[in-house]
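# Coordinate inspection notes
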Amino acid sequence: MKKTAAILLALTMTATSLAGCSTGSSGDSGAQPSQATQAASGGTQAAGGETKAADSDKAPGSVDLTIMLALGQWTDNFDAVIEAYKAENPQIGTIEYEFPSSSTYWDLLKGYLSAGTMPDIFGCGVGEQIANWNEYLADLSDLESAPDLSADQVAMCSVDGKTVQVFPIHMEGWGILYNMKYLKQVGWEKTPDTISEMEQLCKDLEAAGIKPFVHHYAETSLSLTNHLGSTWITVKDDPLGYFEELKSGKDMDLANDPDLNAMLDYYDLVIPYGNDDAIATDKWVGRNAFFLEEAAMVDDEGSWEIPNIMDVNPELADHVVQGMVPISDEPGKNKLQTATIYAAVYKDSPEVEEAKKFLNYLASSEYATTWNQEVMGNIPALGSVEVSENLNCLGQDVFALLQEGRTHEVMTPWTPDEVKDSLGEVWSLYVGRQIDREEFFKRYQEVWTNYAANK
């Protein structure tokens, strides 16, 4: 699969493979990239795909780093990357990491800023995130991999259009995870492309005694705002343009918006086919129910789940497929939600240059990028990094949809922090059947009207 994703990633801002994973042992080998990659990882990959050995005049073990990213799935797998980096960089003593849920990440980061205990490297994206945090961010324009950024990436990763302050590491995608074993039992060889096909699939599964869905919406801001909340916006011709209008407080006549109505139609369809306590079910309860094959589908899940699947039920990896949330009956309109994961370096870190070197390693080295693809299921964000032949199954599904132009970057980076909880509450009231559609439209518009009036 010797292709790069940079051009395709850019297209997701302006605009399925059904094979299961080929699984081996569920032991330690699952947390390591391929042997060929390990053999080739004797240096740090520089811009242009070249490799050079790391050098430092610092005493062995004299440099300690800290990193925090909202990537909980890295927690049980990241030690391998640290050990590989330390083998090439003897000046490194410890690299302490924290990978909290994205539902708590920003509150934690703000607390660390107030306490003066900021991590050296931390997650910070484009849009509202770089706008709000740029005064704390180091200049990353001199990273060895910076020349590999496209012009569009430089523009997004900077405030002034040229000074890079956040750096892309990888891309992940999400929507619905499907257990194809169950779909095939009721005669389905592919995932549904339209809302009508989804309705028929649910009926077929239920008729066969198979529970169609498990939902987990307890973390409302995470699930209903950040992950699923902009699905209806990304099907529009100009998603970001529409979103900026929404943020301006303009009356968007939401009651007559066909795409928002289609999103509500999706919830009206799938909620009765899932667990009764969807709003009270947290992500781990929902995920584990799907991993243990108690339902054919789980929504608000993505390519990041393969390490967890391998921990709980490795056999599921032979049947699991990543698909989109189909809200339209026009197959070409439906999009898989994707997110590019960025990181930054704290400008007042005592080890700015060492932190930049490690960030560059994560984004571009052969070992780290292959680990990120083969073990974690993520797609590289730099054009100089080839997509691995051994990209794991859910990553393959995301990449296939990316190639077909059926993905779009989620609106989360452009969503102000001030509205996320309020939007999550409005969504949860509707999904929980506590308000009707008319009240939903009224409250949803009020969130944006009030935001625009007070910013």
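These numbers come from a predicted model, not from an experiment.

From N to C terminus, the chain includes 19 helices and 12 strands. Here the chain, with 455 residues, has 58% of them falling under the buried criterion. With an accessible surface of roughly 17600 Å², the chain has 47% of that area assigned to carbon and sulfur atoms.

The next point concerns the environment of Lys283. The topology assignment puts Lys283 in helix H13 (residues 283–291). The spacing of Lys283 and His215 is 68 residues in sequence and 8.4 Å in space, taken between C-alpha atoms. Those residues in contact with Lys283, other than ones at most four positions away along the chain, are Ser101, His216, Glu219 and Leu222.

Here the focus is H13. Taken together, the buried positions of H13 are Lys283, Gly286, Arg287, Ala289, Phe290 and Phe291. Those residues of H13 that are buried lie in contact with strand S6 (167–179), strand S7 (213–214), helix H9 (220–227), strand S8 (297–302), helix H14 (306–312) and strand S9 (320–323). Its side-chain oxygen placed 3.0 Å from the backbone nitrogen of Trp284, Asp282 serves as the N-cap of H13. In the stretch just after H13, Glu293 is the one whose phi turns positive, near 65°.

Counting across every chain of the model gives 28 aromatic pairs. With a centroid separation of 5.9 Å and an interplanar angle of 70°, the aromatic rings of Phe440 and Phe441 are classed as edge-to-face. Residue Phe441 is classed as buried on the basis of its relative accessible area, which comes to 9%. Through a chain of ring-to-ring contacts, three or more aromatic side chains come together here, namely Tyr217, Trp232, Tyr242, Tyr266, Tyr267, Trp427, Tyr430, Phe440, Phe441 and Tyr444. Positioned over the ring face of Tyr242 is Lys236, at 4.5 Å from the centre of the ring. Cation over ring: Arg287 sits above Trp284, and NZ or CZ is 4.8 Å from the ring centre.

With that settled, consider the side chain of Thr231. With respect to the helices, strands and loops of the structure, Thr231 is situated in helix H10 (residues 231–234). For Thr231, the contacting residues outside a window of four places in its chain are Met263, Val325, Ile327 and Gln337.

This part covers the confidence of the model for the chain. Of all residues in the chain, 88% have pLDDT values of 70 or greater, and the mean over the chain is 89. Contacts for the low-pLDDT stretch residues 35–53, under 50 throughout, to residues beyond four places or in other chains number 41 contacts.

Between two packed helices, the angle of one axis relative to the other and the distance separating the axes together describe the packing. For the pair H9 and helix H18 (residues 417–431), the least separation of the axes is 8 Å and the interaxial angle reads 95°. Here H9 is positioned roughly perpendicular relative to H18, judged by the angle of their axes. Residues Thr220, Ser221, Leu224, Thr225 and Asn226 of H9 form the contact with H18, whose participating residues are Lys420, Asp421, Leu423, Gly424, Trp427, Ser428 and Val431. Here the contact of H9 with H18 is built from residues that sort into four nonpolar, six polar and two charged.

This paragraph deals with H9. Across the eight residues of H9, seven count as buried, placing the element largely inside the fold. What H9 keeps buried is the set Ser221, Leu222, Ser223, Leu224, Thr225, Asn226 and His227.

Here helix H12 (residues 258–270) crosses H18 at 50°, and the two axes come no closer than 10 Å. The orientation of H12 with respect to H18, classified from their angle, is oblique. The residues of H18 that touch H12, namely those facing Leu260, Met263, Leu264, Tyr267 and Asp268, are Trp427, Tyr430 and Val431. A per-class count over the contact of H12 with H18 returns seven nonpolar, no polar and one charged.

Let us now look at unusual backbone geometry. Backbone geometry at Glu293 places phi at a positive 65°, although glycine is not the residue there. Looking at where Glu293 falls in the secondary structure, it is placed in the loop between H13 and S8. The phi dihedral of Asp300 is positive, around 60°, even though this residue is not glycine. By the element assignment, Asp300 lies in strand S8.

On to the pairing of S6, then. Along S6, 13 of the 13 residues are buried, which leaves the element largely enclosed by surrounding structure. As paired elements, S6 and strand S10 (residues 336–345) share seven bridges and run antiparallel to each other. Residue pairing across strands places Met171 opposite Thr340, the latter belonging to S10. Across two bridges, S6 lies against strand S11 (residues 379–380) in antiparallel orientation. Note on S11: the bridge partner recorded for His170 is Pro380. Strand direction decides the pairing type here: S6 and S8, joined by five bridges, are antiparallel. Along S8, the bridge assignment pairs Tyr178 with Met297. Bridge count between S6 and S9: four bridges; the pairing is antiparallel.

The rules we used
Residues numbered from 1 in each chain as written. Predicted model: local features only at pLDDT ≥ 70, side-chain atom pairs only at ≥ 80, totals over all residues. Heavy atoms only, no water. Helix = DSSP H or I, 4+ residues; strand = E, 2+ residues; numbered from the N terminus. Buried < 20%, exposed > 50% of the residue type's maximum accessible area, 1.4 Å probe, protein only. Areas by Shrake-Rupley, 256 points an atom, 1.4 Å probe, with all protein chains shown as cover. Contact = heavy atoms within 4.5 Å. Polar contact = N/O pair within 3.5 Å; in protein donor to acceptor, adjacent residues only side chain to side chain. Phe/Tyr/Trp six-rings, centres within 6.5 Å; stacked < 30°, edge-to-face > 60°. Lys NZ or Arg CZ within 6 Å of the ring centre and 35° of its normal. pLDDT = per-residue confidence, 0-100. Axes fitted to C-alpha atoms, helices over the stretch in contact; angles between N-to-C directions. Parallel < 35°, antiparallel > 145°, perpendicular 65-115°, else oblique. Nonpolar A, V, L, I, M, F, W, Y, C, P; charged D, E, K, R; others polar. Pairing = 2+ DSSP bridges.

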